[in-house]
Amino acid sequence: MGAVEKQAPPAPAVSRTPMMALLGNPNCGKTALFNRLTGARQKVANYAGVTIERKEGAFTTSGGNGFRVLDLPGAYSLTAHTPDEEITRDVVAGLRKGEPAPDVVVCVVNATNLRLNLRLVLEIKRLGLPMILALNMVDVAKKRGITIDADRLSQELGMPVVETVAVQAGGEKSLLRALDMMWPLPVSQPHALSAIDAVGVEATQREVRRILDLVVSNPASGEDRLSEKVDDIVLHPVLGPIILAVLMFLVFQAVFSWANVPMDMIKAGVDGVGELIKGAMADGILRSLLVEGILGGAGSVLVFLPQILILFFFILVLEDCGYLPRAAFLLDRLMGGVGLSGRAFIPLLSSFACAIPGVMAARTIQNPRDRLVTIMIAPLMTCSARLPVYALIIAAFIPEREVYGFLSLQGLVLFALYFAGIFSAMAVAYFFKRALGANQQQPLMLELPAYHWPHMQNLALGLWERCKIFLSRVGTIILTLMILLWFLSSFPGAPEGATHPPIYYSLAGILGRGLEYIFAPIGFNWQICIALVPGLAAREVAVGALGTVYALSQSGDELAQSLEPIIAASWTLPTALSLLAWYVFAPQCMSTLSVVRRETGGTRYALLMAGYMFALAYIASFLTYRISLALIGG
Ligand SMILES: Nc1nc2c(ncn2[C@@H]2O[C@H](COP(=O)(O)OP(=O)(O)OP(=O)(O)O)[C@@H](O)[C@H]2O)c(=O)[nH]1
Ligand SMILES: [Mg+2]
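Residues numbered from 1 in each chain as written. Chains lettered and ligands numbered in written order. Predicted model: local features only at pLDDT ≥ 70, side-chain atom pairs only at ≥ 80, totals over all residues. Heavy atoms only, no water.

> Explain the packing of helix H5 (residues 150-157) against helix H8 (residues 201-215) to me, please; I cannot follow it from the model alone.
Between two packed helices, the angle of one axis relative to the other and the distance separating the axes together describe the packing. Axis separation between H5 and H8 bottoms out at 9 Å; the angle between their running directions is 150 degrees. Between H5 and H8, the angle is such that the two are roughly antiparallel. Relative to H8, the crossing made by H5 is right-handed. The segment H5 lies against H8, with Arg152, Leu153, Glu156 and Leu157 engaging Arg210, Ile211, Leu214 and Val215. (Axes fitted to C-alpha atoms, helices over the stretch in contact; angles between N-to-C directions. Helix = DSSP H or I, 4+ residues; strand = E, 2+ residues; numbered from the N terminus. Parallel < 35°, antiparallel > 145°, perpendicular 65-115°, else oblique. Left-handed = near helix turned anticlockwise from the far one by under 90°. Contact = heavy atoms within 4.5 Å.)

> Would you mind showing me how to read the coordination of the magnesium ion (ligand 2) here?
In a perfect tetrahedron of four donors around a metal, the angles come out at 109.5 degrees. In a perfect octahedron of six, they are 90 or 180 degrees. Taken together, Thr31 (OG1) and Thr51 (OG1) make up the full set of protein donors to the magnesium ion (ligand 2), lying 1.9 to 2.0 Å away. With a gap of 20 residues between them, Thr31 in helix H1 (residues 30-38) and Thr51 in the loop between H1 and strand S2 (55-60) connect regions that are remote in the sequence. The buried category is assigned to Thr31, whose relative accessible area is 9%. (Donors = N, O, S within 2.8 Å, 3.2 Å for Na, K, Ca; no water. Buried < 20%, exposed > 50% of the residue type's maximum accessible area, 1.4 Å probe, protein only.)

> Mind showing me how you'd approach the pairing of strand S4 (residues 104-110) here?
Consecutive residues of a regular strand have side chains that alternate between opposite faces of the sheet. Most of S4 is tucked away, with seven of its seven residues classed as buried. With five bridges joining them, strand S1 (residues 19-24) and S4 adopt parallel strand pairing. Bridge pairing in S4 places Ala21 opposite Val105. Looking at chain direction, S4 and strand S5 (residues 131-136) are connected through six bridges and run parallel. Bridge pairing links Val108 to Ala134 in S5. (Pairing = 2+ DSSP bridges.)

> I'm lost on helix H14 (residues 324-337) in this one. Help?
Residues spaced three or four apart along an α-helix point in a common direction, a consequence of the helix completing one turn every 3.6 residues. Taking 1.5 Å per residue, 14 residues should reach 20 Å; H14 reaches 20 Å between its end C-alpha atoms and fits that length. Along H14, the helix axis deviates most sharply at Leu331, where the bend reaches about 50 degrees. Looking at H14, one finds that the buried residues are Leu324, Pro325, Arg326, Ala327, Ala328, Leu330, Asp332, Met335 and Gly336. Packed against the buried residues of H14 are helix H9 (225-234), helix H10 (239-257), helix H13 (305-321), helix H15 (345-350) and helix H19 (409-436). With its phi angle positive at about 85 degrees, Gly339 sits one or two positions after the end of H14. (Expected span 1.5 Å × (residues − 1). Bend = angle between axes of the 7 residues up to and from the residue.)

> Hey, could you run me through the packing of aromatic side chains in this one?
Where two aromatic rings form a pair, the distance of their centres and the angle of their planes describe that pair. Applying the stated rule across the entire model yields 22 aromatic pairs. Judged by centre distance (6.1 Å) and plane angle (90 degrees), the rings of Trp486 and Phe491 are edge-to-face. Overall, the relative accessible area of 2% leaves Trp486 in the buried class. Judged by relative accessible area, which is 34%, Phe491 ranks as partly exposed. Every member of this aromatic cluster is reached through a ring pair, and the members are Phe249, Phe252, Phe352, Phe415 and Tyr418. Taking NZ or CZ as reference, Arg326 lies 4.0 Å from the ring centre of Tyr451, over its face. (Phe/Tyr/Trp six-rings, centres within 6.5 Å; stacked < 30°, edge-to-face > 60°. Lys NZ or Arg CZ within 6 Å of the ring centre and 35° of its normal.)

Written out as structure tokens, the structure reads:
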């Protein structure tokens, strides 16, 4: 036969750019490390379950070796319980179609809580992939006097162990060096997942304890003492809810009282540009497009940037310091009462920014029914796109008065609107749980992270992100729709001997007057009806649309006025209240509905959502309009 004996060649090295996966328990700093390595700006926050999808980036080590890197959702174990944990498990085990397993796994652990974190490390190790342990948050550990013998840990685990501080410049250096030492990475395949289950939980725990005894020395019970002291007050059954309520109050007060100066500046800027254009151009179509269409539309939305930033400043501070999971803890009773799991808190909280990340964050919920109900009510949480609508109407109709000498009435009304959203979400959840059949309430298994001071850099980046999102909406979708609306509102022109402003006879005017038949019973005039239609694409577009519609309805000198005094003069209070009620409930956002469709795997629930929200909106507006009409007159 002449078979030739060949020597086994050395394990071949990975030839393409190797993939490194960041893995670890929730809230241990994977995303912070990912951002530090790649310069990306993924969302980082001090609670578990922030990352819900895989995110890819790339970086080069100091030794010049290129890596691709994956940020993954946090997991407590590789036996996945929730859709986001499944993503993590499938990625590391190489079970995702078209995606090979990572070439190296960096397991990130919270150095102040090795006891909880090591179990996952041991599980991942059984996959047999090249692995590095990143002891993250060593800065906090050192402050608390916890010492970890990294060399010994490395010996015990049989893998390189590096210390990292993901929130400090240079805090990733040791990891980069360790990656260079591993170069070139050998080609490797993960063992089957069954290798993990083969070892019992008991045995793993015993191993964790053994290693901990060898490498960690804790100061005598000094663990988390400050956090515990703060929690004694913040989680106190009586004081806790009071503190939460006071905090929320202050936030909404600030949204109105701090924003005046910057809002006036933006308003003055927009008006100034308008005057400039009017001075420089003769009256005509182009001037109308620029002044009434673009400035009147997009400019009237831009004014609300300061209020959005103030709101997010508070949310980001509370998020980064670790207060938010405490709020979840305090609200758990309330949520449990309507049959929601405590896990629903974070998706619902995200929905205050925008329902889309909220709906996606529902992936962290284990029970499919709970998840569905959480998705269904997420859009009832007041998203930031509603803020311009609320703020406009409040500023126009609610007097700038103090209640009890220190609370602004406008802030109180805004608080009430947010509360109305939360309250109705709870009511709808209760209803859905009944309809779907109740299941056992699951206790809230929420890890309370240690408090820390907000990182200024995190805060600044977070605000910058919000600013960019808002400005790009104004510059893209809002601007486009405003131009389109201006066309529809300007053509065809007014007929001979017209008694109304030309917009009344335009295409948009005809549409608005048609819709008025449906909306007159809830107090909307045809101008509002016009604004509702483009407002379906994104809520704050309605404000811009009102800006354009009213700019085109005015004549001569009135044109220079901003939207707020115009609507104050032309709407009745019942109409204003009715529109506020409409915006609490109406599903005025196509993108949310399409994400719901994607996340629930079909149009059914998206349609159900649109249906129930429109119905609620109409009923709420009808009642608001009729009752306030009866009480205060038109
Ligand atoms: N002091 C300190 N804080 C850190 C460090 N790494 C992360 N943090 C903070 O820890 C919190 C959690 O960080 P993330 O990066 O969001 O954690 P994650 O592991 O991605 O969390 P999930 O996506 O929820 O699984 C944030 O508030 C970070 O600012 C560190 O090394 N030192
Ligand atoms: Mg993350």
